[in-house]
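The chain contents come next:
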Amino acid sequence: APAAPALATRAPDAPRASTVLPATRALFYAIEDAAEDATSIGKLTDDALAFVASFGEGYRARSAESARALASGEVPYGDKALKVSETLARVARGCAERLCLDEVLAYVLLRRCIDERGMPRPSEATDDVVREVMRFYFRERLGAIKCAHALLAKSSSGNGDGGAVYDDAVGKMLTFGMEENVWRAIDRHMSGASATGPEGASARDAAAWAGQALEEIVALLEVMFLLYYNRVKCSPERFLKISKTFEAGALGRVPAASIELGAHVASAQVNAFTEDIRALCNVTLIAAMDLENLVDRFSGKSLKAHAFLESSVLKSVTEMMEKWQSDAAHGATLLAWATFLTLLPSDADFMPQGFSPDAMTTKANECGLASFSHLLDAEQLRGEDTTVTLHKSVLKNMFSTILAAYDMLPVHRLPPNELQQLLDVLQKLLVDQPLLCEQFWGGAREDGQEAPLFALLEGCRERFPYDSVPLLRTLAALSEGHRAAECVLGYVAQLPTVALPVPSKDILEQSLKPGADAAMNAHSGEVKGSVTAIHRLTSPYIPGGYIEAGMRGLAIDMCADNAPLIVWAAPADGLHLCLTRLSLLASAGLSRGLSPGESAELEATTLFLSSVLTNAPSFARPMLTCDVSESVPKGAPTDILSGLSLALHVSSKTQNTEDGIRRVATILRALAPLAEASPSRVIDEVLEAPLLAGTPGTGVPGLIRAIRDGESRL
């Protein structure tokens, strides 16, 4: 037999020409469309599951035995023999030669392709015929991988009474060597063997083979991720093996198939494939590390053993990763492994002699959270798909562990740029993820995986309203979905404290009485520890409010880049303060240019309001009734609608910039739920914004007026 090329695998010594080839796309649709009672899937035979679990090894390369069977005019297929006409046998041989595929399998694919697509029976293996069979073959290969993915996904979800069927199916596939086979399939692709297709393929066909290889890599990595997400524990030996495969075939260099595809298609398409593959490699390795189990073990929640807690394993994995580049491609995995090592007690019995995680920590710091943020930009990690939620669940737990492991809490000690980077990652993690947000609010006040994230939220809350941007951005990120948005509004409406700057040096001693544990220097203006207000303190950051005489506060030890604050034990309605600040900022923006800090606060405020209103539109009507007239100067907006309308007016001044367009879009998203609650009022309020202004009776304003006039006549 010829050498096994491209996607097919070498035929075994003993011919298996009688093996039945499952219709994998039909099987995939049967799995996807099955009701909760999965017992209705009658095609989940052991033979079909064994084929699916082989991940392409069932598609054998050409063999002399199969060629003879085809030439005989009758081929064994399952428990029957298929009659083969001389004409179709000739076409099948041509397809087998061009596709480098087993002759009997080529014949079966040819017959199915003809029947499904209503093709006239060909007499020759022309380019068009071979290409049609090739597309059918590619589709069936992907269908087999998707079957494995669907079974794993449904097994993970429990899926009602029928979940046992999926569990049983996955269990059988594991006995058929699923874990080893999925790695072998990825390794074949990443080695470059499948990058160019059969020898002599045209440029058009070579591009198709390369594209197929990349699609299969992505699909196989998704399967491997689900396998280690909650089905099997990755052994240290397997982890080392897949890490080396990923490094050699994707992380350390551009995948071979990407290079081949790049010669035929736009670079943007190739780069998207490469970034998706690298992102999935990282997420899969992070899932295989099982950080969550490690955290549970050392927090006392679980006594489960972790297979990586052995001296030789820790040393081998660390030595391997110390050789990796500190770049975006490797960064998330390096950061995860450094975090893993940081969590380990230095005096534990399983720690290697003289071992230090310092080198790994240095590599992780070189990558930083920027590599984590880069990972979350991959297209494969966006959207609301269930698998994306599972990916982000793993990454959310990693993010939470990083917060705890690297002493990033409390956040007021962080420089502003580092805190901003944390919030950027949090926003990317939770966008379109209502389930993860609900998960956070359900366990936020418990001592578990959500505790570090809750500490991040509380640290941001302690700076409000003086530095409101961190809290508003955090709450906007945590408000995906109706239930989460409800929790956000409940949280912000009952803030236990407010933060204000330390009084100026000239009035410091007259304003504050230091506690027994406090230190106060009137000359330098420094205050540390607990204090008590000597008389009533007012501030522009709590318009209409004040700190009552006798109220206790705590001076926060901020980093050098942050203004010192005092957190006062004064309960406040954060939503009222937010709407008040919106009014003041929009008014200031109308009369003068906003400072960078004020612009950032206005943007964070509108982002927060947009997020909660979009996810919980039922709160639009109650919000419209919130009146802040007593807290703002005369002539300033007095409610959310007038505040957003004026903010729209201010933001539209810079709509010719990318940031300006984004701000306008955010405000319009916030206005949409309000418009549903009170259409005429919203139209009246926002019509004068420059964005919507125009010649009366024309454009958007004319259309709005026509709609309103039509409604009034009705």
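Note that this is a predicted model, so its numbers are computed, not measured. (Residues numbered from 1 in each chain as written. Predicted model: local features only at pLDDT ≥ 70, side-chain atom pairs only at ≥ 80, totals over all residues. Heavy atoms only, no water.)

> I would appreciate a short explanation of the side chain of S645 in the present structure.
Its location among the elements puts S645 in helix α27 (residues 640-651). Here S645 is in contact with E685 and V686, once residues within four sequence places are set aside. (Helix = DSSP H or I, 4+ residues; strand = E, 2+ residues; numbered from the N terminus. Contact = heavy atoms within 4.5 Å.)

> What exactly am I supposed to notice about the side chain of T339 here?
Structurally, T339 is set in helix α15 (residues 328-343). Look at T339 and you get buried, because its relative accessible area is 0%. If we ignore the near neighbours within four places in the chain, the residues touching T339 are T401, I402, A405 and Y406. (Buried < 20%, exposed > 50% of the residue type's maximum accessible area, 1.4 Å probe, protein only.)

> Explanation requested: the confidence of the model for the protein chain in the structure shown.
Detailed reading of the predicted model is not advised wherever pLDDT is low. Residues at a pLDDT of 70 or more form 90% of the protein chain, whose mean pLDDT is 87. Predicted confidence for residues 694-704 stays below pLDDT 50, and this span has 10 contacts to residues more than four positions away or in other chains. Here residues 710-714 scores under 50 on pLDDT; set against residues more than four positions off or in separate chains, the count is zero contacts. (pLDDT = per-residue confidence, 0-100.)

> Explanation requested: the nonpolar core in the structure shown.
Note on soluble globular proteins: their nonpolar side chains tend to be buried together. If you look at the biggest cluster of nonpolar residues, it comprises 188 residues, and the most contacted ones within it are F372 and L456. Among the elements that line this core, the one with the most residues is helix α9 (residues 203-231), at 15 residues. Discounting chain neighbours no more than four positions away, the residues touching L456 are F399, L403, L409, V411, L419, L422 and L426. Of all hydrophobic cores here, the second largest spans 34 residues; its members include L88, L105, C113 and V130. (Core = buried A, V, L, I, M, F, W, Y, C linked by side-chain atoms within 4.5 Å.)

> How do you make sense of unusual backbone geometry when you look at a structure like this?
In terms of backbone geometry, most residues other than glycine have negative phi values and most peptide bonds are trans. The omega torsion of the bond from F464 to P465 falls at 5°, within 30 degrees of zero and hence cis. Structurally, P465 can be placed in the loop between α20 (451-461) and α21 (469-477). Unlike most non-glycine residues, D290 shows phi in positive territory, near 60°. By the secondary structure assignment, D290 is in the loop between α12 (267-289) and α13 (291-299). Despite not being glycine, D432 has its phi angle at roughly 65°, a positive value. A relative accessible area of 30% means that D432 is categorised as partly exposed.

> Just to check I follow, could you spell out the pairing of strand β9 (residues 552-556) for this structure?
Along a regular strand, successive side chains alternate from one face of the sheet to the other. Relative to β9, strand β6 (residues 526-533) runs antiparallel, the two sharing four bridges. Following the sheet pairing, T532 is matched in β9 by R552. Pairing of β9 with strand β10 (residues 565-568) involves four bridges; the strand directions are antiparallel. Each residue of the ladder has a partner; that of L554, found in β10, is V567. (Pairing = 2+ DSSP bridges.)

> I keep staring at the pairing of strand β2 (residues 80-83) and nothing clicks. Help me out?
Pairing analysis gives four bridges linking strand β1 (residues 74-77) to β2, with the strands arranged antiparallel. Looking across to β2, one finds that P76 is bridged to A81.

> Mind showing me how you'd approach the packing of helix α8 (residues 178-190) against helix α10 (residues 236-251) here?
A pair of packed helices can be characterised by two numbers: the angle between their axes and the separation between those axes. Contact geometry for α8 and α10: axes closest at 9 Å, N-to-C directions at 20°. Comparing their axes, α10 and α8 come out roughly parallel. Where α8 crosses over α10, the two elements pack in a sense that is left-handed. Residues E179, E180, W183, I186, D187 and M190 of α8 form the contact with α10, whose own contacting residues are R238, K241, I242, T245, F246, G249 and A250. (Axes fitted to C-alpha atoms, helices over the stretch in contact; angles between N-to-C directions. Parallel < 35°, antiparallel > 145°, perpendicular 65-115°, else oblique. Left-handed = near helix turned anticlockwise from the far one by under 90°.)

> Just checking my understanding: could you explain the packing of helix α25 (residues 596-615) against helix α28 (residues 658-677) for this structure?
Contact geometry for α25 and α28: axes closest at 8 Å, N-to-C directions at 35°. The hand of the α25/α28 crossing is left-handed. Where α25 abuts α28, its residues E603, T606, L607, L609, S610, L613 and T614 lie against R662, R663, T666, I667, R669, A670, P673 and L674. Residue composition of the contact of α25 with α28, grouped by class: seven nonpolar, four polar and four charged. (Nonpolar A, V, L, I, M, F, W, Y, C, P; charged D, E, K, R; others polar.)

> How do you make sense of α12 when you look at a structure like this?
In an α-helix, one turn spans 3.6 residues; hence positions three or four apart end up facing the same way. The end-to-end C-alpha separation of α12 is 33 Å, in line with the 33 Å expected for 23 residues at 1.5 Å each. For α12, the tally of buried residues reaches 17 of 23 residues, placing the bulk of the element in the interior. (Expected span 1.5 Å × (residues − 1).)

> Can you walk me through the packing of aromatic side chains in this structure?
The description of an aromatic ring pair uses the distance of the two centres, along with the angle that the planes make with each other. Tallied over the full model, the rule gives 15 aromatic pairs. Look at F308 and W337: their rings are 6.3 Å apart centre to centre, the planes differ by 55°, and that puts the pair in the tilted class. Within this pair, whereas F308 is found in the loop between α13 and α14 (311-322), its partner W337 is found in helix α15, the two being separated by 29 residues in sequence. Residues F308 and W337 agree in their burial class; the two are buried. Aromatic side chains F440 and W441 sit 5.0 Å apart centroid to centroid with 75° between the ring planes, which places their arrangement in the edge-to-face category. Comparing F440 with W441 shows no difference in burial state: the two are buried. By way of ring pairs, the aromatic residues F51, Y59, Y137, F138 and W209 are connected into one cluster. (Phe/Tyr/Trp six-rings, centres within 6.5 Å; stacked < 30°, edge-to-face > 60°.)

> I keep staring at helix α19 (residues 434-443) and nothing clicks. Help me out?
If you check which residues of α19 are buried, you get L436, C437, F440, W441 and G443. For α19, the secondary structure elements touched by its buried residues are α17 (386-405), α18 (416-430), α20, α21 and α22 (482-492).

> Is there a simple way to think about the environment of K653 in this case?
Considering the arrangement of structural elements, one finds K653 in the loop between α27 and α28. With 11 residues separating them along the chain, K653 and V664 place their C-alpha atoms 9.6 Å apart. Setting aside chain neighbours within four positions, we find K653 in contact with G589 and L590.

> What exactly am I supposed to notice about the pattern of salt bridges here?
As a working rule, side chains carrying opposite charge can pair if their charged atoms are close by. Using the criterion set out here, one finds 37 salt bridges in the structure. The partner of E74 in a salt bridge is K83, and the shortest N-O contact between them spans 2.7 Å. Judged by its relative accessible area of 63%, K83 falls in the exposed class. Across the pair K172 and D168 runs a salt bridge whose closest N-O atoms are separated by 3.7 Å. Taken together, the positions of K172 and D168, both in helix α7 (residues 163-175) and four residues apart, correspond to about one turn of that helix. (Salt bridge = Lys/Arg side-chain N within 4 Å of Asp/Glu carboxyl O.)

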